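As a plain string of letters, each chain reads:
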Amino acid sequence: MEMPIMDPWQILAGAIAKLLGNDESDPKEPINEQGVVNMYNAMRTELNQIYSKTTELEMDASEHSLVINAIQPLDQSRRCYRMIGGVLVERTVKEVLPAVQRNKEGIVEVIARLNEAAEKKKREIADFEDKYKIRIRKSDSEVKDDGGKKEGSSQGVLVGPAGSSE
């Protein structure tokens, strides 16, 4: 008899739900300019973490799709190996395929929730920028780069007229 394994996607979905729930309450008002900067940087860091987790899960979903496509045409009674909790377990394609499909569906659901969280966080950051009149300054190197691109903004190969023989 197998012991029930907790679905990691449900755990992750719960964490995301908690994250989405925390956004609804008003954060503490910053006391000074440095507090505003710190809160703004924390919100940007959180948004970047959401993006990186989304990218990681999209890679996982892609890997699950590859596995599904590889084992789907195989004989259902064929031996198949699956990693469960760090242990390689022998099963059949018939047993493994539905589990991999369920995991992929869970990953896709979590990706959708993360995208919702990212959109909500972007709106929160935009509201914060408006409230505290935050403007992002370009660094000196970016300003110099932009200065060179203003006149000839298109870069590439310069080609003369088609009929020119010179």
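These numbers come from a predicted model, not from an experiment.

*Asks:* Looking at this structure, I do not really get the overall build of the chain. What am I missing?
*Replies:* Along the chain, the regular secondary structure elements total 4 helices and 2 strands. Listed N to C, the secondary structure of the chain is α-α-β-β-α-α in terms of helices and strands. A total of 166 residues make up the chain; the buried ones form 23% of that total. Intrachain contacts of the chain at a sequence separation of at least 6 include 70% that bridge at least 24 residues. Of the accessible surface of the chain, which amounts to about 12900 Å², a share of 53% is contributed by carbon and sulfur atoms.

*Asks:* Which parts of the structure should I look at to understand the packing of aromatic side chains?
*Replies:* As enumerated under the stated definition, the model contains 2 aromatic pairs in all. Relative to Tyr132, the ring of Phe128 lies with its centre 4.8 Å away and its plane at 50 degrees, an arrangement referred to as tilted. Taking relative accessible area as the criterion, Phe128 reaches 8% and is therefore assigned buried. Pairwise contacts between aromatic rings join Tyr40, Phe128 and Tyr132 into one cluster.

*Asks:* Please explain helix α2 (residues 33-71) as it appears in this structure.
*Replies:* Spacing of three or four residues puts side chains on the same side of an α-helix, whose turn is 3.6 residues. The first and last C-alpha atoms of α2 sit 57 Å apart over 39 residues, in line with the 57 Å expected at 1.5 Å per residue. The distance from a side-chain oxygen at the start of α2 to the backbone nitrogen of Gln34 is 3.3 Å, and the residue carrying that oxygen is Asn32.

*Asks:* When you look at the pattern of salt bridges in this model, what are you seeing that I'm missing?
*Replies:* Close approach of charged atoms lets side chains of opposite charge pair. Across all of its chains, the model carries 6 salt bridges by this definition. Salt-bridge contacts for Lys53 lead to Glu56; the nearest nitrogen and oxygen are separated by 3.4 Å. Of this pair, Lys53 and Glu56 both sit in helix α2, separated by 3 residues, roughly a single helical turn. Within the structure, one salt-bridge network assembled from shared partners comprises Glu46, Lys121 and Glu124.

*Asks:* Just checking my understanding: could you explain the packing of α2 against helix α3 (residues 93-131) for this structure?
*Replies:* Packed helix pairs are specified by the crossing angle of their axes together with the interaxial distance, meaning the distance between the axes. Running from N to C, α2 and α3 point in directions that differ by 160 degrees, and their axes come no closer than 8 Å. One element, α2, and the other, α3, form an angle in the roughly antiparallel class. In the packing of α2 onto α3, the handedness of the crossing is left-handed. Looking at the contact of α2 with α3 residue by residue, the class counts come to 24 nonpolar, 6 polar and 10 charged.

*Asks:* Just checking my understanding: could you explain the nonpolar core for this structure?
*Replies:* One recurring pattern in soluble globular proteins is that nonpolar side chains are buried together. Leu57, Leu114 and Phe128 are the most contacted members of the largest nonpolar core, which has 18 residues in total. Taken together, the elements giving at least two residues each to this core come down to α2 and α3.

*Asks:* Looking at this model, I keep getting lost on the pairing of strand β1 (residues 79-84). Mind explaining?
*Replies:* As paired strands, β1 and strand β2 (residues 87-92) are joined by 6 bridges and run antiparallel to one another. In the strand pairing of β2, Ile84 is matched with Val87. If you look at the hairpin formed by β1 and β2, you'll find 2 residues sitting between the two strands, and Gly85 has a positive phi there, around 60 degrees.

*Asks:* Before we go on, may I ask you to explain unusual backbone geometry in this structure?
*Replies:* Note on backbone geometry: most residues besides glycine have negative phi, and most peptide bonds are trans. Of note in this structure, Lys133 is not a glycine but carries a positive phi near 55 degrees. Owing to a relative accessible area of 65%, Lys133 belongs among the exposed residues under this scheme.

*Asks:* Which parts of the structure should I look at to understand the side chain of Lys121?
*Replies:* Examined against the element boundaries, Lys121 turns out to sit in helix α3. Relative accessible area serves as the criterion here: at 2%, Lys121 is assigned to the buried category. Only 3.3 Å separates the side chain of Lys121 from the side chain of Glu46, close enough to count as a polar contact.

Conventions we followed
Residue positions within a chain follow its written sequence, with the count starting from 1. The model is predicted, so local features are restricted to residues of pLDDT at least 70 and side-chain atom pairs to those at 80 or more, both for listing and for counting; the totals for chains, interfaces and linings are taken over all residues. Values shown for side chains rest on all heavy atoms present in the structure; no hydrogens or waters enter the calculation. Helix and strand assignments follow DSSP, with helices taken as H or I runs no shorter than four residues and strands as E runs no shorter than two, numbered in order from the N terminus. Accessible area is worked out with a 1.4 Å probe on protein chains only. A residue is then buried under 20% of its type maximum, exposed over 50%, and partly exposed in between. Any two residues whose heavy atoms approach within 4.5 Å are treated as being in contact. Each accessible area value is a Shrake-Rupley result obtained with a 1.4 Å probe; residue values ignore everything except the protein chains displayed when judging cover. Between 30 and 60 degrees the pair is tilted, below 30 it is stacked and above 60 it is edge-to-face, where a pair is any two Phe, Tyr or Trp rings, Trp via its six-membered ring, whose centres lie within 6.5 Å. Multiply 1.5 Å by the residue count of a helix minus one, and that product is the helix's expected span. Throughout this description, a polar contact denotes any pair of N or O atoms lying within 3.5 Å of each other; where both atoms belong to protein, one of them has to be capable of donating a hydrogen while the other can accept it, and for residues adjacent in sequence the pair is counted only when both atoms sit in side chains. For salt bridges, the criterion is a side-chain nitrogen of Lys or Arg within 4 Å of an Asp or Glu carboxyl oxygen. To get an axis, a line is fitted to the C-alpha atoms, and for a helix only the part in contact is used. The angle between two axes follows their N-to-C directions and goes from 0 to 180 degrees. Angle categories: roughly parallel below 35 degrees, roughly antiparallel above 145, roughly perpendicular from 65 to 115, and oblique for all the rest. If you view the pair so one helix is near and one far, a crossing is left-handed when the near helix is turned anticlockwise from the far one by less than a right angle, and right-handed when it is turned clockwise. Any residue outside Ala, Val, Leu, Ile, Met, Phe, Trp, Tyr, Cys, Pro, Asp, Glu, Lys and Arg is labelled polar, Gly included; the first ten of those are nonpolar and the last four are charged. Note on terminology: a nonpolar core comprises buried Ala, Val, Leu, Ile, Met, Phe, Trp, Tyr and Cys residues joined through side-chain atoms within 4.5 Å. The pairing criterion is simple: DSSP has to find at least two bridges between the two strands.

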